[in-house]
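Listed below are the residues making up each chain.
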Amino acid sequence: MIQDIAGEEILAACGDAEAVTLKPGGILFREGDDARAMYVVKQGTLRILSGSTILETVRVGGLVGEMAIIEAHMPRSATVIAGTYCELVEIDVPRFLSLVANTPAFSITVLRVISRRLRVMNRRYRVSTRSL
């Protein structure tokens, strides 16, 4: 079985990728924005929101914006806001494709993040529809 690749390994594989910093409350992107990259959290905590609902808190080693890389030409599906000072590594499409080609465990990690988030949303949906 392929194991998830550690955040440190992803960061090392990103090499000279562009760094992004955010102050607490800073917005990485908003729901509906154009999407050109995903991000790895190097330091800090981010909140993923849809409307006023917090969907997830992402910490060091976590990924955000991965749907933008996988589903081209689609707008952002959520807003991401820094909960603390954050340092992120930007992964654009060419770098993503290189990581997929050269580090197969990276692909599995991204797929597992998406799968986990979908399962969480499914559980939330089932709970919310039971109360109707």
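Nothing here was measured: the structure is a model prediction, and the numbers come from that model. (Residues numbered from 1 in each chain as written. Predicted model: local features only at pLDDT ≥ 70, side-chain atom pairs only at ≥ 80, totals over all residues. Heavy atoms only, no water.)

## Points about the overall build of the protein
Here is step 1: Scanning the protein from terminus to terminus reveals four helices and eight strands.
Here is step 2: Across the 132 residues in the protein, those meeting the buried criterion constitute 36%.
Here is step 3: Residue pairs in contact within the protein that sit at least 24 positions apart in sequence constitute 76% of those at least 6 positions apart. (Helix = DSSP H or I, 4+ residues; strand = E, 2+ residues; numbered from the N terminus. Buried < 20%, exposed > 50% of the residue type's maximum accessible area, 1.4 Å probe, protein only. Contact = heavy atoms within 4.5 Å.)

## Here we look at the pairing of strand S8 (residues 86-92)
Here is step 1: As defined by bridge partners, strand S1 (residues 19-22) adjoins S8 across four bridges and the pair is classed as antiparallel. Each bridged residue has a counterpart across the sheet, and for Ala19 the counterpart in S8 is Val89.
Here is step 2: As defined by bridge partners, strand S3 (residues 37-43) adjoins S8 across six bridges and the pair is classed as antiparallel. What sits directly across from Tyr39, in S8, is Glu90. (Pairing = 2+ DSSP bridges.)

## Considering the pattern of salt bridges
Here is step 1: Following the criterion strictly, the structure yields four salt bridges and no others.
Here is step 2: Arg117 is the partner of Glu56 in a salt bridge, and the nearest nitrogen-oxygen pair spans 2.7 Å. You can see Glu56 sitting in strand S5 (residues 53-58) and its partner Arg117 sitting in helix H4 (residues 104-130), a full 61 residues away along the chain.
Here is step 3: The buried category is assigned to Glu56, whose relative accessible area is 17%.
Here is step 4: Note that Arg117 is salt-bridged to Glu66, the shortest N-O span being 2.8 Å. Within this pair, whereas Arg117 is found in helix H4, its partner Glu66 is found in helix H2 (residues 66-70), the two being separated by 51 residues in sequence. Exposure class is identical for Arg117 and Glu66. Each is buried. (Salt bridge = Lys/Arg side-chain N within 4 Å of Asp/Glu carboxyl O.)

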